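Overview (structure and organization)
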Amino acid sequence: MSATAEVRTPRSEPVIQRGLEVLASTQDAEGSWYGDYGGPQFLIPIYVAGLHVMGRVPEPAQREGLVAYLRRHQNADGGWGLDVESPSQVFTSVLNYVALRLMGVAEDDPRLRRARQWFLPRGGALASGAWGKIILALLGLYEYRGLQPVPPELWLLPESLPVHPSRLWCHCRMVYLPMSWLYGRKARAPESPLLAALRREIFDGDYAQVDWTAARERVSPTDVYTPRTVWLKAANQLMLGYERVAGKQLRERALGFALEQIRAEDEATHYICIGPINKVLNMVVWHFVNPEGPEVRAHLERLPDYFYEAADGIKMNGYNSSELWDTAFAVQAVVATGASEATRPMLAEAARFIEANQVLEDTREPARFYRHPSKGGWPFSTREHGWPISDCTAEGLKACLALEPLGLNRVPEARLQDAVGLILSMQNKDGGWATYELQRGPQLLEVLNPSDVFSTIMVDISYVECTSACVQALAAWRKHTQRPDARVDEAIARGAAFIRKLQREDGSWVGSWGVCFTYGTWFGVKGLLAAGASPEDPALRRATAFLRSHQRSDGSWSEVVDSCRQGRWVEGKDGHAVNTAWALLTLAAAGEQASDSARRGAQWLRGRQQPDGRWPPEPIAGIFNRTCAIHYDAYLRIFPVWALAVCDKR
Ligand SMILES: CC(C)=CCC[C@@H](C)[C@H]1CC[C@@]2(C)[C@@H]3CC[C@H]4C(C)(C)[C@@H](O)CC[C@@]45C[C@@]35CC[C@]12C
């Protein structure tokens, strides 16, 4: 049957109905969807290590939950992966081993014995990816001279230099900021018998005999996704040379500068911080500056924001939540179902959350602290977090505009206009949108990526997802205002041109924040359509042909995180409801909702729903920096409902 033949599908209404009931029953009192944002396996150990440096331990109930979680996600081979679904790495295996020991698990615990059996033959602590060594150095389990240097003086370089830290992607910059302070101070936990024991347990030889110069270069192949380039090695040599002669005065100035930046980040985010890593490291910095001081207390108070108790134990979320993001999508999904009387209260509550979480002002002295304006933006999580993101702003705006005809939008026009202004201010020269800021440095800086385990961390570059969301939001705004605005028109046209440039030969777009081609292609297609592409546009036809070519015989689509890591379609074992929903949303948007392909996809999706209205758990659909999987709890409740709703429309 041809891809576009009109075939009526059996109505999805009862399935959608049950799905909507699940969404309604899981909505939070604040109107959002709050949930599990776990996956990465380097967060808990950094937290536990940070507390240990401060002479603290997790309180007993939390300790029990964290230990249960780490035990639950230990791989069969004894190690831990970068995330809960990935093969073991030395970085996360050594760190999680140390975390368990710091939380009181005994050296001869059978699981810890197995962990040592996995990581010691691979080189133990000496072969860990870079971040692991930094955390171990902080604990006194590794020597600072065995690290790639992170001198705080980098902050004192001329800002015009492409390597000035202010030009880094904000996540990278905010993680390396406290790291540079701790490195500059050579900060170290007080010595203890437990740490002395750990120095015997995580090295495959005598700690006193370690060749720290050689250790600097050593990393297990299990931990290498981004190999160290000659440029990075040269930069390290240069910084090591500097480190040998570094004067005390300049160091103090640099440390003072870094501390001011840390303070600004803490205050702008109400001590939540941009993410869990700088949250913990900033807190540890303050511990060294002023133990038990007001900053440490403020940090301790906001720690609970990051913890989530689930069936697999207590985890540290990858962000303080994904609430705004999920809520904006949920609204659009529910509106797509036709927004009946029954769903109005749910939408009204969501509208309240979206209104309450728009960022209403810029941060203090944005230029001094290298912040892009914030006013009018929406963050990924909550207003208090304080870091708006281009596509979160776009999805927030889209949600408001979707609520508008229902009389449920609560954000006044002037504030919607602020969101539009912010989106326009974030468009890059290449026509695309990056995540939090304008692209500040050449993409080439990636050759200095020192992380081993992540890719694309150095510079905030334009992404298809962010670009598409911004184009869609601007197009929706244009439709809403009906006022001619050349700036908006031009931004949309440039955005669409950028999206076209990113399309691959095979018709797909690669996703950077979701797994992987089904996600990227959904955004690519939606962006082009919003910009005015006609359904006959060859780019759209190639995109849908690509999707159809990857449909499984049972009607579903399935992709796994390796798709992102390898840059090619990697099929999962079974069909995935989230990938299937993204594929269906794409086909439907491109006018193929009545095709045989869409009919079979929708049929599979309907059949996959459980009697309780949920779709069964499946592999993780979120990703960052090409390598690390992160779980989006609400996706399985939002996207299947949304996809069935649009496929049902004639
Ligand atoms: C610094 C490193 C390498 C690790 C820390 C982890 C964070 C970089 C990432 C954890 C959450 C991410 C993925 C965050 C989540 C939302 C996405 C998005 C869906 C809004 C996307 O469209 C734009 C990028 C995201 C903001 C993200 C960036 C990376 C994380 C913060």
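Cut-offs and rules
Within every chain, residues take consecutive numbers counted from 1 along the sequence as written. In keeping with the predicted nature of the model, local features appear solely for residues at pLDDT of at least 70, side-chain atom pairs appear and are counted solely at 80 or more, and the whole-chain, interface and lining totals rest on all residues. Note that water and hydrogens are dropped before the side-chain values are worked out from all heavy atoms of the structure. In this description, strands pair whenever DSSP reports at least two bridges between them. Here a strand is any run of E in DSSP of at least two residues, a helix any run of H or I of at least four, and the numbering for each starts at the N terminus. Between rings of Phe, Tyr and Trp, where Trp is taken as its six-membered ring, a pair exists when centres lie within 6.5 Å; planes separated by under 30 degrees are stacked, by over 60 edge-to-face, and by other angles tilted. In this description, a nonpolar core means a group of buried Ala, Val, Leu, Ile, Met, Phe, Trp, Tyr and Cys residues linked to one another through side-chain atoms lying within 4.5 Å. The buried label goes to any residue with under 20% of its type's maximum accessible area, the exposed label to any with over 50%, and the partly exposed label to all in between, with areas taken from a 1.4 Å probe on protein chains only. An automatic or database domain assignment supplies the start and end points of every domain. The contact criterion used is simple: two residues touch if any of their non-hydrogen atoms lie within 4.5 Å. Here the quantity called buried area is the total loss of accessible area, with a 1.4 Å probe, experienced by two parts when brought into contact, counted for both. When a carboxyl oxygen of Asp or Glu is within 4 Å of a side-chain nitrogen of Lys or Arg, the pair counts as a salt bridge. Any pair of N or O atoms that falls within 3.5 Å is considered a polar contact. Within protein, one atom must be able to donate a hydrogen and the other to accept it, and sequence-neighbouring residues count only if both atoms are side-chain atoms. Side-chain classes follow a simple rule in which Ala, Val, Leu, Ile, Met, Phe, Trp, Tyr, Cys and Pro form the nonpolar group, Asp, Glu, Lys and Arg form the charged group, and the remainder, Gly included, forms the polar group. UniProt positions are given in the numbering used here, feature names are shortened, and annotations may be inferred rather than shown by experiment. By convention in this document, the label disulfide applies to cysteine sulfur atom pairs within 2.5 Å.

What to know about the pairing of strand β4 (residues 313-316)
Regular strands place side chains that alternate from one sheet face to the opposite one. Direction of pairing for strand β3 (residues 307-310) relative to β4: antiparallel, over a ladder of four bridges. Within the sheet, the bridge partner assigned to Tyr308 lies in β4 and is Lys315. Hairpin connection, β3 to β4: the antiparallel pair is bridged by two residues.

Structural notes on the packing of aromatic side chains
Applying the stated rule across the entire model yields 41 aromatic pairs. For the pair Tyr144 and Tyr183, a centre-to-centre distance of 6.0 Å together with 65 degrees between the ring planes defines the contact as edge-to-face. Of this pair, Tyr144 sits in the loop between α6 (130-139) and α7 (170-185) while Tyr183 sits in helix α7, and the two are 39 residues apart along the sequence. Taken together, a centroid distance of 6.0 Å and an interplanar angle of 50 degrees make the contact between Phe329 and Trp642 tilted.

Observations concerning the nonpolar core
Counting 200 residues, the largest nonpolar core has Phe42, Val98, Trp131, Ile202, Tyr635 and Trp642 as the members making the most contacts within it. A total of 11 residues in this core trace back to one element, the largest contributor, which is helix α25 (residues 635-648). Counting contributing residues, this core receives three or more from each of domain 1 (42-316) and domain 2 (503-527 + 534-649). Other than its neighbours up to four places away in sequence, Phe42 contacts Leu82, Phe91, Thr92, Trp131, Ile277, Phe454, Phe624 and Cys628.

Overview of the environment of Lys375
Looking at the element boundaries, Lys375 is found in the loop between α15 (344-356) and α16 (390-403). Each C-alpha atom of the pair Lys375 and Val359 lies 5.6 Å from the other, and the pair is 16 residues apart in sequence. Not counting the four nearest positions on each side in its chain, Lys375 is found in contact with Val359, Leu360, Glu361, Asp362, Asp418 and Leu422.

Observations concerning the environment of His480
Relative to the helices and strands, His480 resides in helix α18 (residues 464-481). Along the chain, His480 and Pro193 lie 287 residues apart, while their C-alpha atoms are 66 Å from each other. Residues within four places of His480 in sequence aside, it is in contact with Leu401, Glu404 and Glu413.

Some thoughts on the domain arrangement of the protein
Quite often, the size of an interface is put as the accessible area lost when its parts meet. If you check the domain split of the protein, you get domain 1 (42-316) and domain 2 (503-527 + 534-649). Inter-centroid distance (C-alpha atoms) of domain 1 to domain 2 is 36 Å. Every contact between the two is made by nine residues of domain 1 and, on the other side, 12 residues of domain 2. Roughly 820 Å² of surface becomes buried between domain 1 and domain 2 when both sides are summed, with 61% attributable to carbon and sulfur atoms. Counting the surface domain 1 buries against domain 2, the share from its top three residues, Asp83, Glu85 and Tyr225, is 54%. In this structure, the salt-bridge partner of Asp83 is Arg565, at a minimum N-O distance of 3.1 Å. The interface formed by domain 1 and domain 2 includes five residue pairs in polar contact (both at pLDDT 80 or more). Taken together, the residues of the side of domain 1 that touches domain 2 sort by class into six nonpolar, one polar and two charged.

Structural notes on the UniProt feature "domain: Squalene cyclase N-terminal" (unreviewed entry) in the protein
Per the UniProt record, the feature "domain: Squalene cyclase N-terminal" (unreviewed entry) sits at residues 17-306. Summarising residues 17-306: 54% helix, 1% strand, and an end-to-end C-alpha distance of 33 Å.

With respect to the state of the cysteines
Within the structure shown, the criterion is met by zero disulfides. Considering cysteine sulfurs only, Cys466 is the nearest to Cys470, which forms no disulfide, with 6.7 Å between them. What makes Cys470 buried here is its relative accessible area of 0%. The thiol sulfur of Cys564 is not disulfide-bonded, and the nearest other cysteine sulfur, from Cys516, lies at 3.3 Å.

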